[in-house]
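Below are the chains, spelled out letter by letter.
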Amino acid sequence: MRNLKVKMKEAILAVAPVTIVIFLLGFTVVPMPVDVLMLFLVGVGFVVIGLGIFTLGAEMAMTPMGESLGNYIVKKKGAFMIFMGLISGFIITIAEPGLIVLAEQVPGIPSLTLIVTVAAGVGVFLAIAFLRTVLNIPFRYVLIVFYGLLFVLAIFVPGDFLPISFDSGGATTGSMTVPFIMALGVSVARSNGNGKSDNFGLIAICSIGPIIAVMVLGLIYTPTGAVTMYLMDIPSHDYANMLLAEFLVVLPVYIWDVSISLAPIVFLFTVTKLFAMKLKIFAAKSWQVGLNQAIKIFVGVVCTFGGLVLFLAGANVGFLLMGNLLGERLASLDNNWWLIPIGMILGFLVITAEPAVQVLNKQVAEITGGAVSRRAMSLSLAVGVAIAIGLSMLRVLTHIHIIWVLLPGYLVAIGLSFFVPKKFTSIAFDAGGVASGPLTSAFLLPLAIGASTALGGNVATDAFGLIAMVALTPLITIQILGLTARHSVVYK
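None of these values were measured; they are calculated from a predicted model. (Residues numbered from 1 in each chain as written. Predicted model: local features only at pLDDT ≥ 70, side-chain atom pairs only at ≥ 80, totals over all residues. Heavy atoms only, no water.)

**Thoughts on the overall build of the chain**
Looking only at helices and strands, one finds 19 helices and zero strands in the chain. Across the 492 residues that make up the chain, the buried fraction comes to 59%. A separation of at least 24 residues holds for 87% of the contacts in the chain among residues at least 6 apart in sequence. Only carbon and sulfur atoms are counted for the fraction: they give 71% of the accessible area of the chain, which is about 18800 Å². (Helix = DSSP H or I, 4+ residues; strand = E, 2+ residues; numbered from the N terminus. Buried < 20%, exposed > 50% of the residue type's maximum accessible area, 1.4 Å probe, protein only. Contact = heavy atoms within 4.5 Å. Areas by Shrake-Rupley, 256 points an atom, 1.4 Å probe, with all protein chains shown as cover.)

Structure (C-alpha cells):
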C-alpha cells in the first residue's frame, strides 16, 4: 500500500503541470467548450490513477518476467537465442498500446498490416541485438551500419510513406515493451560478463527494425486515403451522462487491447518457467519460493493490466480530442507561429507523464549507482522533446521535408557517440525510443494533425514524423549530458 501511495504521488506530480497549462490555454488563448474541458479533466484522472498503478505493476511483474526469460535465453545461446529473440520481440510488440494508437491514425494502411509489419521488424532486430551483445560488437558500429541502410532505403520510399516509417520506430517502444526489453537486456549483458557496461541498447536497436520494415512495406504498398481522426461527437449538455457514455464506450476496447498485449507475454513466461526451466515444484523450499514469486507476479500483472487500461482510456478520450482541437485552434490564430513555443511547452511537460519514461529513469539511476539521477534524465528528456515538438510545429507551418531534419540530426547523434562514454550512447538511444510513448501518439501527434488540417497542409508529410522527431532529439540532449560525466569512474 505504501508503494502504491508513492507511485500515485509521482503520477500526480508528473501529470499536473501539463494539465494546468492546457486549462490555462483553454480559458485564455484558445477558449475551449466546457464539455471538452470536462472530458479532458476526467481523462486526466484516469491517466493519473492508471499511471500510478501501472508503474507499480511494471516493477512487480514486467521486470521480473523479462529478467527470468532473459536468464533462460542466454543459457541456450546459438540458434535458440535467435529464435527466442524473434518470437519474444514479435509477441511483446504485436499489441503495444502506443503502436495501436498510431496505427489507428495512419492514412490508407490497415491497422493490422502496419502492426504486424512493425512487430516483425522488432522481432528480427531483437535477435540482432542479442547477437550484438554476445559477440561484443561496439554499439556505435551497429548504429552506423543500420542507420546507413535506413537512409539509403529512404531514397526509394514514397514521400508520403517516409514520416510514417520513422514514426513507427518511435511508437514501438512504449509502456508495455520497455520494461520487458530492458529487463532482457540486463540478463543478456550479465550472462556475457559485461556487467553494467552493456545493459542498455536493446530498445535502440529494436527501434530501427520497425523503420526498415515499414520502409520495405512502403516499397510494395502505396497508402491511399486521408487521415481519420476518431473524434467524439460530444453533446453540450447532461455532462454526467456524456462523461459516463464516452468512457463506457472505450473501456471494453482497451480491456481487450491490453489483454491481447499481456496474454502472450504471460504465456511465454509461464511456459519457459514451468516447462523449459523445469521448476522443482515438489521440493518444499522451491515450492514455497516459487509460490511467493508467482503471487507477486500475478498481482503485478493485474496492476499492469488495470493501470494500462485506465491510462489508455484517459489518454485516448480526454487527451486525443483536446490535442486535436488545440492544434486546430492555435493554427487558426492570426499569429499562428504561437504553435511553436506553445508546442514546446506542452512537449516539455507531457514527457514526464509517459509510463515508460518512469521505468527508464529508475533503471538508469539504479544501474549507474545514482551518478545519473532521475531528475537529470527527466530534464534532458524534457528538453529534447521540447525541441522536437518545436521543430515539428515548424514543419507544419513551413512544410519542410522531414529528411532534412532527421538526416543531420542522426549524423550529429552518431558523431557524438565517439566522444561520450559508451554507456551514455546506449542510454541516449534507448531514451529516444522510450520518449515516444502512448501520450505522444494520443496528444502531441493529434496536436500536429489538428494544426496541419486547419492550415490545409498535407497531414501525411507535415504532421506525421512528429513521433520520429521525439525519438531523435533525446539522442543528442542525453549524450550532451553524458559529456559532463565523462570523467566519472562509473563510465570508464
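**Description of a nonpolar patch on the surface**
On the surface, Ile82, Phe83, Leu86, Ile87, Val124, Leu131, Leu135, Ile137, Tyr141, Ile144, Phe418 and Phe419 cluster together into a nonpolar patch covering about 1100 Å² of accessible area. At the level of secondary structure, the elements contributing two or more residues to the nonpolar patch comprise α3 (78–93), α5 (111–134) and α6 (139–154). Among the elements that take part in the nonpolar patch, α3 stands out by supplying four residues, more than any other. One can find Ile82 in helix α3. (Patch = residues over 30% accessible without salt bridge, like charges linked within 9 Å, V, L, I, M, F, W, Y side chains within 5 Å. Salt bridge = Lys/Arg side-chain N within 4 Å of Asp/Glu carboxyl O.)

**Focus: unusual backbone geometry**
Of note in the backbone geometry, Asn136 takes a positive phi value of approximately 55° without being a glycine. Looking at the element boundaries, Asn136 is found in the loop between α5 and α6. Relative accessible area serves as the criterion here: at 48%, Asn136 is assigned to the partly exposed category. Residue His399 is not a glycine yet carries a positive backbone phi of 65°. Its relative accessible area of 46% is what places His399 among the partly exposed residues.

**Some details on the packing of helix α17 (residues 438–455) against helix α19 (residues 466–483)**
Two elements in contact, α17 and α19, have axes whose closest approach is 9 Å; the angle formed by their N-to-C orientations is 115°. From α17, Thr440, Ser441, Leu444, Leu445 and Ala448 reach across to α19, where they touch Leu466, Ile467 and Val470. Here the contact of α17 with α19 is composed, by residue class, of six nonpolar, two polar and no charged. (Axes fitted to C-alpha atoms, helices over the stretch in contact; angles between N-to-C directions. Nonpolar A, V, L, I, M, F, W, Y, C, P; charged D, E, K, R; others polar.)

**Looking at the confidence of the model for the chain**
Looking at the chain as a whole, the pLDDT averages 80, with 83% of positions reaching at least 70. Of all helices and strands in the chain, the one with the weakest mean pLDDT is helix α8 (residues 177–191) (71), whereas helix α12 (residues 339–350) scores best (93). Here residues 226–237 is modelled with pLDDT under 50, and outside its nearest four sequence neighbours on either side it reaches 31 contacts, counting other chains as well. Taken together, the stretch residues 279–284 has pLDDT below 50 and engages in five contacts with residues farther than four places along the chain or on a different chain. (pLDDT = per-residue confidence, 0-100.)

**Some remarks on the packing of helix α9 (residues 202–220) against helix α16 (residues 422–435)**
It is the contact of α9 with α16, at a shortest axis distance of 7 Å, that shows an interaxial angle of 60°. The angle between α9 and α16 falls in the class oblique. In the crossing of α9 with α16, the sense of the turn from one axis to the other is left-handed. Contacts between α9 and α16 involve Leu202, Ile203, Ala204 and Ser207 on the former and, on the latter, Phe429, Asp430, Gly433 and Val434. Grouping the constituent residues of the contact of α9 with α16 by class yields five nonpolar, two polar and one charged. (Parallel < 35°, antiparallel > 145°, perpendicular 65-115°, else oblique. Left-handed = near helix turned anticlockwise from the far one by under 90°.)

**Digging into the environment of Ser261**
Secondary-structure assignment places Ser261 in helix α10 (residues 239–276). Spatially, the C-alpha atoms of Ser261 and Ile94 are 7.0 Å apart, while their sequence positions differ by 167 residues.

**Describing the packing of aromatic side chains**
According to the stated counting rule, one finds ten aromatic pairs in the structure shown. Both rings, one in Phe23 and one in Phe40, keep their centres 5.9 Å apart while their planes meet at 45°; by these two values the pair is tilted. Remark: Phe40 occurs in helix α2 (residues 34–76) and Phe23 occurs in helix α1 (residues 2–27); sequence separation between them is 17 residues. Per residue, the accessibility class of Phe23 equals that of Phe40, and both read buried. (Phe/Tyr/Trp six-rings, centres within 6.5 Å; stacked < 30°, edge-to-face > 60°.)

**So, the environment of Thr352**
Position of Thr352 among the secondary structure elements: in the loop between α12 and α13 (355–367). Relative accessible area serves as the criterion here: at 27%, Thr352 is assigned to the partly exposed category. When the C-alpha atoms of Thr352 and Leu379 are compared, they prove to be 8.9 Å apart, with 27 residues separating the residues in sequence.

**Focus: the side chain of Ser417**
Mapped onto the elements of the fold, Ser417 is located in the loop between α15 (403–416) and α16. On the accessibility criterion, Ser417 (0% relative accessible area) is buried. Excluding residues within four positions of it along the chain, Ser417 makes contact with Arg140, Thr425 and Gln479.

**Focus on α1**
Spanning 26 residues, α1 covers 37 Å between terminal C-alpha atoms, matching the ideal 38 Å at 1.5 Å per step. At Ala16, α1 shows its maximal bend, which comes to roughly 30°, and the proline Pro17 appears one to four places after that position. (Expected span 1.5 Å × (residues − 1). Bend = angle between axes of the 7 residues up to and from the residue.)

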